[in-house]
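Commentary on secondary and tertiary structure
Read off the chains here:
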Amino acid sequence: MDKNSKIYVAGHTGLVGSAIMRCLKDNNYHNLVVRDLEELDLRNQEAVNTFFKEEKPQYVFLAAAKVGGILANNTYPAEFIYDNLLIEANIIHAAYQNNVTKLLFLGSSCIYPKMATQPIKEEYLLNGYLEETNEAYAIAKITGIELCKFYRRQYGCDFISAMPTNLYGINDNFDLNSSHVLPALIRKFHDAKMQGKDEVVIWGTGNPMREFLYVDDLADALLFLMLHYSEEIHINVGTGEDIRIGDLALMVKDVVGFDGNIVNDTSKPDGTPRKLLDVSKLHALGFKHKTSLKQGIITVYNWYLNKQ
Ligand code: GFB
């Protein structure tokens, strides 16, 4: 991929897609192709085919997806599986038909079995049952990985898959019903501070462990993989460190400057107990994340404050 290559970023307004756009621009890739949701419905096969035929992108970052936190995944499983299957199948097939040089598909750490040995190696895919709260999303994402694998095997396409851990960053979704835990905590502690409340409710027991990667570090990793990785097996992208949700809440509380109590709502699900990725493969290739969790939360909170 050179600086003039025509690059399509699918999902360019989302958390991940917008970080990829920043990263590509910062690295002087200027021939970028994007389409807003209203212009191109990626679930529509004909529309996707027409777009690829007209634009003929050489490289594709497939960051478009229907995503959400634990409650959204659990509440709308049909939408999560249907939308994601269509988006992936349409883009990957069109990329094959239009001779895309290389495509990078984005999955998620929830593709691994609920009780996977920790830290989770790439090879553990499909060796156990999935976590129920995000099974629909996981099945769709596993299908995306398999599509890349089989299009590589049968047609020789250079399609690769990256599995990011839980992500956070600017342009995240802060809606309390559909967001992931980190933006939800930022908003909850901020609102409680502003409204002078004396407690903040967090979901579940606070005991699950999660690994968090700052989205601009992910984008750097994706560019690195686009340039240097070309294998059939997907590759994990994370920090290799995790934290208890209860301790994450304390960290966000501290950054926001809220001095009340934290209360647990155990009627809400915990989800998978732990999903720490084994990132030794990525590290061996020469990539390591830069942003500490505390620094990342400070950056996102400042961005959130400016947006208010
Ligand atoms: O980030 P989150 O929604 O996703 O939740 P998952 C992580 C943990 O934080 C769970 C707890 O144990 C939640 O119960 N939590 C505590 C909260 N307070 C809150 C809150 O206010 N909001 C939210 N959202 N959680 C998702 C999957 O799982 O992770 C997706 O459903 C995807 O498919 C994504 O893989 C990365 O890590 O549990």
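The rules behind the values
- Residues numbered from 1 in each chain as written.
- Predicted model: local features only at pLDDT ≥ 70, side-chain atom pairs only at ≥ 80, totals over all residues.
- Heavy atoms only, no water.
- Core = buried A, V, L, I, M, F, W, Y, C linked by side-chain atoms within 4.5 Å.
- Buried < 20%, exposed > 50% of the residue type's maximum accessible area, 1.4 Å probe, protein only.
- Helix = DSSP H or I, 4+ residues; strand = E, 2+ residues; numbered from the N terminus.
- Contact = heavy atoms within 4.5 Å.
- Near = heavy atom within 4 Å.
- Polar contact = N/O pair within 3.5 Å; in protein donor to acceptor, adjacent residues only side chain to side chain.
- Areas by Shrake-Rupley, 256 points an atom, 1.4 Å probe, with all protein chains shown as cover.
- Nonpolar A, V, L, I, M, F, W, Y, C, P; charged D, E, K, R; others polar.
- Pairing = 2+ DSSP bridges.
- Axes fitted to C-alpha atoms, helices over the stretch in contact; angles between N-to-C directions.
- Salt bridge = Lys/Arg side-chain N within 4 Å of Asp/Glu carboxyl O.
- Expected span 1.5 Å × (residues − 1).
- Parallel < 35°, antiparallel > 145°, perpendicular 65-115°, else oblique.
- Left-handed = near helix turned anticlockwise from the far one by under 90°.
- Phe/Tyr/Trp six-rings, centres within 6.5 Å; stacked < 30°, edge-to-face > 60°.
- Lys NZ or Arg CZ within 6 Å of the ring centre and 35° of its normal.

Quick look at the nonpolar core now. Counting residues in hydrophobic clusters, the biggest one holds 41 residues, and the most contacted among them are Y8, L42, F52, I91 and L103. Secondary structure elements with two or more residues in this core: β1 (7–10), α2 (45–55), β3 (59–62), α4 (77–97), β4 (102–106), α5 (135–155) and β5 (159–164). Of the residues forming this core, the biggest block, seven residues, is contributed by α5. Aside from chain neighbours lying at most four places away, what touches I91 is A10, L42, V48, F52, V60, L62 and L103. Grouped together as the second largest cluster of nonpolar side chains are 33 residues, V9, L167, A219 and L282 included.

Neighbouring residues of the ligand: 22 residues in total, closest I70, K188, R210, P269 and D270. K188 is positioned such that a nitrogen or oxygen atom in its side chain is 2.6 Å from an oxygen atom of the ligand. Contact distances for the ligand include 2.7 Å between an oxygen atom and a side-chain N or O atom of R210. For the ligand, whose unbound accessible area comes to 700 Å², protein coverage reaches 97%. Residue assignment for the shell around the ligand shows that the elements contributing at least two residues are α3 (70–75), α6 (181–194) and β7 (199–203). For the shell around the ligand, the element with the highest residue contribution is α6, accounting for three residues. Across the shell around the ligand, the residue classes break down as ten nonpolar, eight polar and four charged.

Topologically, A184 is positioned in helix α6. Here A184 is in contact with L176 and S179, once residues within four sequence places are set aside.

Pairing in this open sheet of six strands is parallel, and the strands run β2-β1-β3-β4-β5-β10 from one edge to the other. Whereas interior strands pair on both sides, the edge strands pair on one side only; in this sheet they are β2 (32–33) and β10 (235–237). The strands that α4 touches are β1, β3, β4 and β5; relative to β3, the one it contacts most, it runs at about 170°. Sheet contacts for α5: β4 and β5; angle to β5, the most-contacted strand, approximately 155°.

A separate point is the pattern of salt bridges. As enumerated under the stated definition, the model contains 20 salt bridges in all. Among the ionic pairs, D83 bridges to R43, the shortest N-O distance being 3.4 Å. Taken together, the residues D83 in helix α4 and R43 in the loop between β2 and α2 connect sequence positions 40 residues apart. Of the charged contacts, one joins D158 and R152 as a salt bridge, the two residues approaching to 2.8 Å between their closest N and O atoms. Taken together, the shared-partner salt bridges connect K6, R35 and E55 into one network.

Turning to helix α8 (residues 245–256), a few remarks are in order. Structurally, the α-helix is built with 3.6 residues per turn, so residues lying three or four positions apart point the same way. For α8, spanning twelve residues, the distance from its first C-alpha to its last is 16 Å, which sits close to the expected 16 Å at 1.5 Å a residue. Along α8, the positions that sit buried rather than exposed are I245, G246, L248, A249, V252, K253, V255 and V256. Among the residues trailing α8, G257 stands out with phi positive, at a value near 85°.

Burial of β3 is two-sided: the residues Y59 and F61 facing one way and the residues V60 and L62 facing the other way are all buried. In this sheet, β3 lies alongside β1 in parallel orientation, the contact comprising four bridges. Within β3, the position partnered with I7 by the bridge is Y59. By the bridge criterion, four bridges tie β3 to β4 in an arrangement that is parallel. Across the sheet, residue L62 finds its bridge partner in β4, namely F105.

Let's shift gears to the packing of α4 against α5. Axis separation between α4 and α5 bottoms out at 8 Å; the angle between their running directions is 15°. Taken together, the axis directions place α4 and α5 in an arrangement best described as roughly parallel. With respect to the hand of their crossing, α4 and α5 are arranged in right-handed fashion. Where α4 abuts α5, its residues P77, F80, I81, N84, L85, E88, A89, I92, H93 and Y96 lie against A136, Y137, I139, A140, K141, T143, G144, L147, C148, Y151 and Y155. Partitioned by chemical class, the residues of the contact of α4 with α5 number 15 nonpolar, four polar and two charged.

Before going further, it helps to examine the packing of aromatic side chains. What the rule picks out here adds up to twelve aromatic pairs. Every member of this aromatic cluster is reached through a ring pair, and the members are Y8, F51 and F52. Cation over ring: K3 sits above Y29, and NZ or CZ is 4.4 Å from the ring centre. The cationic tip of K66 hangs over the ring face of F80; the distance from NZ or CZ to the ring centre is 5.4 Å.

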